[in-house]
Amino acid sequence: MGFKMPRRSHCKSRAGCSECKRRHIKCDESRPACGNCSISSRRCSFLLSQPNLPTVGEEPAASPSPSPLLPQSDTSTPSHCYSPISPNNELSTIQDVNMTHLELFHHSSTSNFDLTPLTENPDKSISQSMVIETALSYPFLMNEMLAFAALHLAHLKPEKAQFYKHHAFGLQTHALSIFNREMTKVTRENCVAILMFTWFMTLHTLCESTESPDIPSFLDRFVHYMQLHRGVRAVTGADWEMMLESKMGFVLRESMRLVGHAAPGYHTVEMKQCIQKSETLRDDEKSTCTDGLERIQWFLNKVDGPEEKDPSLVATFLSMIAWPVIIDADFLRLVSERTPEALLVLSYYAIPLHLCRNIWVIGGAGQLLIRSVRMHLDEKWHKWLDWPETMMDNMSSGSFTAPS
C-alpha cells in the first residue's frame, strides 16, 4: 500500500533536476538523486554525475582526454610556468600546488578517519598505506578519498565546516565523473579500487543523510543511501568469487557471515505474524519483509537474549553496513512506497544503527530513522514501534554497555 504526499504550492527551484521541472513539482535537490525521483523510481538527471557501476564482460569505453587527478588550484589567479621538458617540444603548463588538496591528502595518510576497523584480526586489517597506494593508481578513488577526508575535517573543525564541505562536494563530483567515464569493466586489477570507492561513497552518503534537521524527508535520504549501497552488490554479484579473492575479500566474507543467515528469536515473532496476516502484501513481499527482519534477529539475540552478550563494535558496525546489501532488492521498493510492514521492519534496523551512534558518520541516524518512520505511518501502526524505541532508550540511558 503506497503513500503519496499531496502536492503543495512552492517557489521555483532553479537548480532542480529536469524530471521535477517536467512534472512541475519542487525538487529538493538532494544528491546523488533527488527525493522525488528516488520515491517514484524515476531516472533523475542528477544521476548523470553518479557512478554507472561496471559489469563484468563489458569492454572499457574509449576515454576522452584524461582529466587531471585533482581540480585546479583554489586561488582566484593561479600562477604558472612552462616546462621546457614535454613531448614534441611543446610547452606544458605547470599549475600551482593546491594546498587544500595536500592538506586532505596528509589527513588521509595520517588518519583512520575515526572509523571502526573492518576486522578484529590485526593481520587482515586494511592499512591506510594500502588505500593510498591504490588511490594513486585510480583518480576516481583519489578524489573520493580526499572528499571523505574533507568531510571528516568538517566534523573535526566545525568552525571551518562550510569550507571543508564545499571541497567534499566538489571532489566527490569529480570522483563520480571520472568513475563514470573510465570504469566500465570489473577486473582483478581494479576490483579493490572499486570496493574502496563504494565504501567511501556509501559512508559519505550516510553521513550527509543525517545532516538535515528535516525529519519527514530523512526517510527518502536514507533509502537513497541504501540504494547506493546496494550498487555494491550489483557490481560484485556478477563475479563474486573474484571479489572474495581480492585484498578486501575477508571483509566481504565476514560481513556476509554475520547477516547472511536468518536467525530464530522471540523478539520478532509477533512482527512476523503481523506480516503474514497482511491482506495487502503478496506472498513474495511477505517473504521479503520476513527475511529482512530475520537477518536483524542475530543482533537482537546478542543484546537482549537468554545468553546476553554485547556484540563487539566491529561486528555491530559490519552487520549494520552489510544488511542493506544482503536483503532482497524489492524491500527498498516497498519502503519507497511507504508499505507499513516494510517500514516497521526498517525500524528494527534503527537498533544496530543507534548502538553505533558514536561513530561520526552515523551519529543520530537510528533515532532519525525511527522518528521518520513514525511520521510516515498511520497511528494504528505506532504500537509496533514501541519495542524498538524502548531498546534505543535503554541504550541511550546506559542500560546497555556500548560495545568496544
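Residues numbered from 1 in each chain as written. Predicted model: local features only at pLDDT ≥ 70, side-chain atom pairs only at ≥ 80, totals over all residues. Heavy atoms only, no water.

## A closer look at the nonpolar core
Defined as follows: Nonpolar core, defined: a set of buried Ala, Val, Leu, Ile, Met, Phe, Trp, Tyr and Cys residues in which side-chain atoms within 4.5 Å join the residues together. Working definition: with a 1.4 Å probe on protein chains only, accessible area under 20% of the residue-type maximum means buried, over 50% means exposed, and in between means partly exposed. A run of DSSP states H or I qualifies as a helix once it reaches four residues; a run of E qualifies as a strand once it reaches two. Both are numbered from the N-terminal end. Any two residues whose heavy atoms approach within 4.5 Å at even a single point are treated as in contact.
Core analysis: the largest hydrophobic core is formed by 108 residues, its most contacted members being Phe140, Phe222, Leu346, Tyr349, Ile362 and Leu369. Looking at this core element by element, the count peaks at 13 residues for helix α7 (residues 191-209). Aside from chain neighbours lying at most four places away, what touches Leu369 is Phe218, Leu219, Phe222, Leu346, Tyr349, Ala350 and Leu353. In this structure, Cys17, Cys27, Ala33 and Cys37 belong to the second largest nonpolar core, which totals nine residues.

## Examining the side chain of Ser372
Counted only if it meets this: Between N or O atoms, a polar contact is any pair within 3.5 Å; within protein, one atom must be a potential hydrogen donor and the other a potential acceptor, and residues adjacent in sequence are included only when both atoms are from side chains.
Inspection of the secondary structure assignment puts Ser372 in helix α16 (residues 365-376). Within the structure, the side chain of Ser372 is placed 3.0 Å from the backbone oxygen of Ile215, a separation counted as a polar contact. Only 3.2 Å separates the side chain of Ser372 from the backbone nitrogen of Leu219, close enough to count as a polar contact. Not counting residues up to four positions away in its chain, the partners in contact with Ser372 are Ile215, Pro216, Phe218 and Leu219.

## Considerations on the side chain of Lys286
Rules: In this count, Lys and Arg are taken as positive residues and Asp and Glu as negative ones, while His and the chain termini are left out. In what follows, salt bridge is the name for a side-chain nitrogen of Lys or Arg lying within 4 Å of a carboxyl oxygen of Asp or Glu.
Take Lys286: it is sitting in helix α12 (residues 283-303). Buried within the structure, Lys286 lacks any salt-bridge partner; Asp283 is the closest side chain of opposite charge, at an N-O distance of 4.2 Å. Residues within four places of Lys286 in sequence aside, it is in contact with Ile275, Gln276, Ser278 and Leu281.

## Notes on the environment of Leu104
Mapped onto the elements, Leu104 comes out in helix α3 (residues 99-110). The class of Leu104 is buried, set by a relative accessible area of 0%. Taking the C-alpha atoms as reference, Leu104 lies 8.9 Å from Phe148; in sequence the two are 44 residues apart. If near-sequence neighbours (up to four positions away) are discounted, Leu104 is found in contact with Leu146, Ala149, Ala150, Leu153, Tyr164 and Leu171.

## With respect to the packing of aromatic side chains
We count it as follows: Any Phe, Tyr or Trp ring, taking Trp's six-membered ring, that has another such ring centre within 6.5 Å forms a pair; planes under 30 degrees apart are called stacked, those over 60 apart edge-to-face, and the others tilted.
Taken as a whole and judged by the stated rule, the model has 16 aromatic pairs. Measuring from ring centre to ring centre gives 5.0 Å for Phe140 and Phe179, while their planes differ by 85°; the resulting arrangement is edge-to-face. Here the residue Phe140 occupies a position in helix α5 (residues 139-156), and Phe179 occupies one in helix α6 (residues 161-182), the gap between them amounting to 39 residues. Each member of the pair, Phe140 as well as Phe179, carries the same accessibility label: buried.

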